[in-house]
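# Observations on the model geometry
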Amino acid sequence: EPEVTQTPSHQVTQMGQEVILRCVPISNHLYFYWYRQILGQKVEFLVSFYNNEISEKSEIFDDQFSVERPDGSNFTLKIRSTKLEDSAMYFCASAGTAVSEQYFGPGTRLTVT
Amino acid sequence: KQEVTQIPAALSVPEGENLVLNCSFTDSAIYNLQWFRQDPGKGLTSLLLIQSSQREQTSGRLNASLDKSSGRSTLYIAASQPGDSATYLCAAKYNYGQNFVFGPGTRLSVLP
């Protein structure tokens, strides 16, 4: 069964460093998402991406964040200058249409020290 | 502001019991609602998706219902098993956005 994959599973970085989190969505999906979950808190929406552009973003997704689909398979989230409060689990998701089921990857645990 | 709440926050039941998890959402203008399962430190596994035009969906021992007028969804788990122990999340997608708004989850423990 097709699945969303994410790499790395765990990333440790120092405050102020740039990180890139990678996702491979399900191959025939057209809608891509990033969410995050701070330990013990709700899953929060960050950004949605369709047709090679951002379609929606939350107030969390400020200028420090960017997303890219550099080729036909990868979808990346870049945090330009990490802060301690960026420590969280980051989930990528994909869907075939805007209203269909979203499939989530296993997540990348980001730890900023 | 759209909000999703879930009660109870935690639930502990003996194996074999039927149980109901509740999800409430503000604003009835939803496209759909999706139920997920999350094991500790893991990702989200999709369980059921209910479109706004549907009243319920079933998959195996799981049945999810949706009542837009009252802003509620329930997840019914029949004949619970210890392997069902996990956190169950509901998430609502509103007509005017693509993102899901998640509830805080119900942590379920099924005791053998």
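Overview of the structure. Since the model is a prediction, treat every value here as computed from it, not as a measurement. (Residues numbered from 1 in each chain as written. Chains lettered and ligands numbered in written order. Predicted model: local features only at pLDDT ≥ 70, side-chain atom pairs only at ≥ 80, totals over all residues. Heavy atoms only, no water.)

Turning our attention to the environment of Ala 95 of chain A. All names here are of chain A. Along the chain, Ala 95 falls in strand β9 (residues 88-95). Along the primary structure Ala 95 and Tyr 33 are separated by 62 residues, whereas in three dimensions their C-alpha atoms are 8.6 Å apart. If we ignore the near neighbours within four places in the chain, the residues touching Ala 95 are His 29, Leu 30, Tyr 31, Tyr 33, Ser 100, Glu 101 and Gln 102. (Helix = DSSP H or I, 4+ residues; strand = E, 2+ residues; numbered from the N terminus. Contact = heavy atoms within 4.5 Å.)

The tendency in soluble globular proteins is for nonpolar side chains to be buried as a group. Residue and element names in this part refer to chain B. The biggest cluster of nonpolar side chains holds 25 residues, and the ones touching the most others in it are Val 4, Leu 33, Trp 35, Leu 75, Ile 77 and Tyr 88. When residues of this core are traced back to their parent elements, those giving at least two are β3 (19-25), β4 (30-38), β5 (44-51), β7 (62-67), β8 (72-77), β9 (86-94) and β11 (106-111). Considering every element that reaches this core, the biggest residue donor is β9, with five residues. Leu 75 has contacts with Leu 19, Val 20, Leu 21, Trp 35, Leu 47, Leu 48, Leu 62, Asn 63, Ala 64 and Tyr 88, leaving out every residue within four places of it along the chain. (Core = buried A, V, L, I, M, F, W, Y, C linked by side-chain atoms within 4.5 Å. Buried < 20%, exposed > 50% of the residue type's maximum accessible area, 1.4 Å probe, protein only.)

This part is about the sheet that holds β7 of chain B. All names here are of chain B. Taken in spatial order, the five strands make up an open sheet running β1-β3-β8-β7-β6, and their pairing is antiparallel. Only two strands of the sheet have a single neighbouring strand rather than two, namely β1 (4-7) and β6 (56-59). Strand-to-strand, the axes of this sheet are offset by a mean angle of 15°, without reference to chain direction. With four bridges joining them, β6 and β7 adopt antiparallel strand pairing. By the bridge assignment for β7, Gln 57 is matched with Ala 64. (Pairing = 2+ DSSP bridges. Axes fitted to C-alpha atoms, helices over the stretch in contact; angles between N-to-C directions.)

Another point: the pairing of strand β6 (residues 53-57) of chain A. Residue and element names in this part refer to chain A. Both strand β5 (residues 43-50) and β6 contribute to a ladder of four bridges, which runs antiparallel. By the bridge assignment for β6, Val 47 is matched with Lys 57. From the end of β5 to the start of β6, which pair antiparallel, there are two residues, and Asn 51 there has a positive phi angle of about 55°.

Glancing now at the state of the cysteines. Residue and element names in this part refer to chain B. Evaluation of the coordinates by the stated rule reveals two disulfides over all chains. Bridging Cys 23 to Cys 90, the disulfide has an S-S length of 2.0 Å. The S-S bond linking Cys 23 to Cys 90 shows a torsion near 80°; that makes this disulfide right-handed. Linking Cys 23 in strand β3 with Cys 90 in strand β9, this pair joins segments that are 67 residues apart in sequence. Residues Cys 23 and Cys 90 agree in their burial class; the two are buried. (Disulfide = S-S within 2.5 Å.)

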